[in-house]
Amino acid sequence: VQLVESGGGLVQPGGSLRLSCAASGFTFSSNYMSWYRQAPGKERELVAGITSGGGYTDYADSAKGRFTISRDNAKNTVFLQMNSLKPEDTAVYYCNLNDSWGQGTQVTVSS
């Protein structure tokens, strides 16, 4: 299993970012995928998840209404669209499949 995140960066409060996770080494279209994040000094927390076919999504309360998880099974990629970003969204964001993790992508929200 290989998960490679991209799309992080520095953004001002209220801005947007779109994270991508390119997956390989397993049958992507058959698996539930998730995004997690870990802020400095805090535990890793679930942000959003999506079923294999994309028909059902779930979000942490902190992400509801601002973040959207989606996937493209033809491209073995899962996305996290993040809008109305806040400083408290600053964290390393990770793609997850069961006990496999990517290397993470840093998101920093600051003016």
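Thresholds, definitions, all that
Residues numbered from 1 in each chain as written. Predicted model: local features only at pLDDT ≥ 70, side-chain atom pairs only at ≥ 80, totals over all residues. Heavy atoms only, no water. Helix = DSSP H or I, 4+ residues; strand = E, 2+ residues; numbered from the N terminus. Rg over C-alpha atoms; globule rule 2.2 N^0.38 Å. Contact = heavy atoms within 4.5 Å. Areas by Shrake-Rupley, 256 points an atom, 1.4 Å probe, with all protein chains shown as cover. Pairing = 2+ DSSP bridges. Disulfide = S-S within 2.5 Å. Buried < 20%, exposed > 50% of the residue type's maximum accessible area, 1.4 Å probe, protein only. 1 Å grid on protein atoms, 1.4 Å probe; cavity = no way out; pocket = protein on both sides within 12 Å on 5 of 7 lines; lining within 4 Å. Points joined across faces, edges and corners; volume = space filled by probe spheres on them. Nonpolar A, V, L, I, M, F, W, Y, C, P; charged D, E, K, R; others polar. Polar contact = N/O pair within 3.5 Å; in protein donor to acceptor, adjacent residues only side chain to side chain.

**Section: the overall build of the chain**
Here is step 1: A tally of regular secondary structure across the chain gives zero helices and 11 strands.
Here is step 2: Over its C-alpha atoms the chain spans a radius of gyration of 13 Å, differing by no more than 12% from the 13 Å that the globule rule assigns to 111 residues.
Here is step 3: The dimensions of the chain, computed from C-alpha atoms along their principal axes, are 40 × 25 × 20 Å.
Here is step 4: Considering only intrachain contacts with a sequence separation of at least 6, the fraction spanning at least 24 residues in the chain is 51%.
Here is step 5: Split by element, the accessible area of the chain, about 5700 Å² in all, is 45% carbon and sulfur.

**A short note on the pairing of strand β5 (residues 45-50)**
Here is step 1: Relative to β5, strand β4 (residues 33-38) runs antiparallel, the two being bridged by five bridges. When the sheet's bridge partners are listed, S34 is paired in β5 with G49.
Here is step 2: Once β4 ends, the chain turns through six residues before running back antiparallel as β5, passing G41 with a positive phi of about 75°.
Here is step 3: Relative to strand β6 (residues 57-59), β5 runs antiparallel, the two being bridged by three bridges. Its bridge partner lying in β6, G49 is registered against D58.
Here is step 4: If you look at the hairpin formed by β5 and β6, you'll find six residues sitting between the two strands, and G54 has a positive phi there, around 85°.

**Comments concerning the state of the cysteines**
Here is step 1: Evaluated as defined, the whole model comprises one disulfide.
Here is step 2: Between the sulfur of C21 and that of C95 lies a disulfide, 2.2 Å long from S to S. Every disulfide takes its handedness from the sign of the S-S torsion; for C21 and C95 that torsion is -85°, giving left-handed. Taken together, the residues C21 in strand β3 (residues 17-24) and C95 in strand β9 (residues 91-97) connect sequence positions 74 residues apart.
Here is step 3: What makes C21 buried here is its relative accessible area of 0%.

**Structural notes on the layout of surface pockets**
Here is step 1: Approximately 160 Å³ is the volume attributed to the largest pocket.
Here is step 2: In this structure, the largest pocket is lined by R37, A39, K42, E43, E45, S62, R66, P87, E88, D89, T90 and A91.
Here is step 3: Among the residues forming the lining of the largest pocket, the class breakdown is three nonpolar, two polar and seven charged.

**Observations regarding the environment of W35**
Here is step 1: With respect to the helices and strands, W35 occurs in strand β4.
Here is step 2: Exposure remark for W35: the relative accessible area of 0% places this residue in the buried category.
Here is step 3: In this structure the side chain of W35 is engaged in a polar contact, spanning 3.3 Å, whose partner is the backbone oxygen of F79.

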